[in-house]
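Summary of structural features
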Amino acid sequence: MSSALTDLFPLPIVQAPMAGGVSVPQLAAAVCEAGGLGFLAAGYKTADGMYQEIKQIRSLTGRPFGVNVFMPQPEYADPAAVDVYAHQLAGEATWYEAELGDPDSGRDDGFEAKLVVLRDNPVPVVSFHFGVPSREVVDALHRVGTFVLAAATTPDEARAVERAGADAVIAQGIEAGGHQGTHRDIPETDGSGLGLLSLIAQVREAVGIPIVAAGGIMRGSQIAGVLAAGASAAQLGTAFLATHESGANALHKRALTNPLFVRTELTRAFSGRPARGLVNRFLREHGPYAPAAYPEIHHLTSPLRKAAAKAGDAQGMALWAGQGHRMARELPAGQLVEVLAGELAAARAALTGGGVL
């Protein structure tokens with residue numbers, strides 16, 4: 001990674017931005033203070049809500065941090081398919097005594113307004129999910145001193161990130177929890193994504209910009225592995241979801257290591273876009289029938305997910321998690337960074353000294 005960007009965070013550990021209230025300022029600040037790069041998640045927030053969190057994290061740490069922004073989504077959903085799915089969810093609404101959300105609640109996530117805030121109140125790093133910003137957007141952020149990253153799940157997507165002028169690409173393997181950052185949502189390719197190590201190798205040959213590796217990373221030895229494979233840093237989400245500062249619902253945190261939830265699966269059940277979560281009742285019953293319709297399905301199911309959480313029913317929640325979820329550790333975020341750094345150092349020493357990992 002370019003020395004200027006690397007200098008922002010001394011440890012090659014990035015806390016993934018997790019939307020929906022998980023990546024709160026307290027979490028991101030704790031990671032920054034420990035030597036990693038903490039991220040705020042602007043997804044599903046208003047521009048002012050994002051700005052208030054930026055002000056809050058600046059009151060908690062003087063270290064560099066990042067903000068993640070969702071790209072606007074094209075209109076490709078079939079309204080009839082959304083209506084059919086809404087009808088299927090009627091029983092859920094009755095059970096939780098909640099109304100289904102309005103699927104037409106907006107699809108750009110306040111993108112332009114957030115860009116205005118980020119240009120007027122520059123932050124050290126901005127990353128993008130669900131696509132690539134235009135060269136003009138990237139140049140505008142560069143002019144105010146912001147480093148720009150964007151997610152990619154294939155070598156072709158990584159090339160698009162490089163063409164846009166981004167400083168680094170986040171290579172997201174299929175092991176990752178939450179939403180896959182695919183640039184185009186193609187149902188025919190569901191479940192066919194690349195594993196992280198294979199993706200790193202292919203992206204490394206496809207582009208010349210630095211790589212941040214993301215997907216199922218829970219231990220310092222795995223960080224050592226992706227660095228050895230060619231990444232400059234590792235991005236961890238599920239590992240930080242269980243930390244004390246995480247804003248995740250307590251039910252979600254406990255579910256990560258609850259023997260009741262034995263595996264994860266990519267599903268469209270909750271949002272209409274492929275996302276990896278713990279397999280629960282809602283995912284099993286509705287996943288096979290959910291259409292490719294993001295953010296329509298996200299808006300539609302939002303009240304149901306909130307009602308399930310309020311009722312203490314993890315079987316109706318979106319329990320986003322990566323494949324390594326059973327390795328989650330309930331620690332303060334700063335302590336987790338220290339543990340990961342220690343494990344990374346031990347793994348590197350074993351590799352260079354011929355020891356055992």
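Everything here concerns the structure above.
These figures come from a predicted structure and were not determined experimentally.

Glancing now at the sheet that holds strand β5 (residues 147-152). One open sheet accounts for 8 strands, arranged β1-β9-β8-β6-β5-β4-β3-β2; its pairing is parallel. Each end of this open sheet is capped by a strand with a single partner; those strands are β1 (13-15) and β2 (39-41). Across the sheet, the mean angle separating the axes of adjacent strands is 25° when strand polarity is ignored. Relative to strand β9 (residues 233-236), β1 runs parallel, the two being bridged by 3 bridges. Residue pairing in the sheet places Val14 in a bridge with Gln235 of β9. Relative to strand β3 (residues 66-70), helix α6 (residues 111-120) is tilted by about 160°, and along the sheet it contacts β3 and β4 (125-129). Packing against the sheet, helix α9 (residues 196-206) makes contact with β5, β6 (168-172) and β8 (211-214), and its axis sits at approximately 165° to β8.

Residues Ala233 and Gln235 point to one face of β9 and Ala234 and Leu236 to the other, with burial holding for every one of them. Note that β8 and β9 share 3 bridges and pair parallel. Bridge pairing in β9 links Val212 to Ala233. Once you follow β8 into helix α10 (residues 220-229) and on to β9, the crossover reads as right-handed.

Attention shifts here to the layout of surface pockets. Reported here for the largest pocket is a volume of approximately 1,100 Å³. Lining the largest pocket are 49 residues, with Met18, Ala19, Gly20, Val22 and Trp320 positioned closest to its centre. Of all elements in the fold, only β3, β4, β6, β7 (178-179), β9, α11 (238-241) and α14 (296-310) reach the threshold of two or more residues within the lining of the largest pocket. For the lining of the largest pocket, the leading source of residues is α14, giving 6 residues. Partitioned by chemical class, the residues of the lining of the largest pocket number 23 nonpolar, 23 polar and 3 charged.

Reading the values: the criteria
- Residues numbered from 1 in each chain as written.
- Predicted model: local features only at pLDDT ≥ 70, side-chain atom pairs only at ≥ 80, totals over all residues.
- Heavy atoms only, no water.
- Pairing = 2+ DSSP bridges.
- Helix = DSSP H or I, 4+ residues; strand = E, 2+ residues; numbered from the N terminus.
- Axes fitted to C-alpha atoms, helices over the stretch in contact; angles between N-to-C directions.
- Contact = heavy atoms within 4.5 Å.
- Buried < 20%, exposed > 50% of the residue type's maximum accessible area, 1.4 Å probe, protein only.
- Right-handed = clockwise from strand over helix to strand, strands pointing away.
- 1 Å grid on protein atoms, 1.4 Å probe; cavity = no way out; pocket = protein on both sides within 12 Å on 5 of 7 lines; lining within 4 Å.
- Points joined across faces, edges and corners; volume = space filled by probe spheres on them.
- Nonpolar A, V, L, I, M, F, W, Y, C, P; charged D, E, K, R; others polar.

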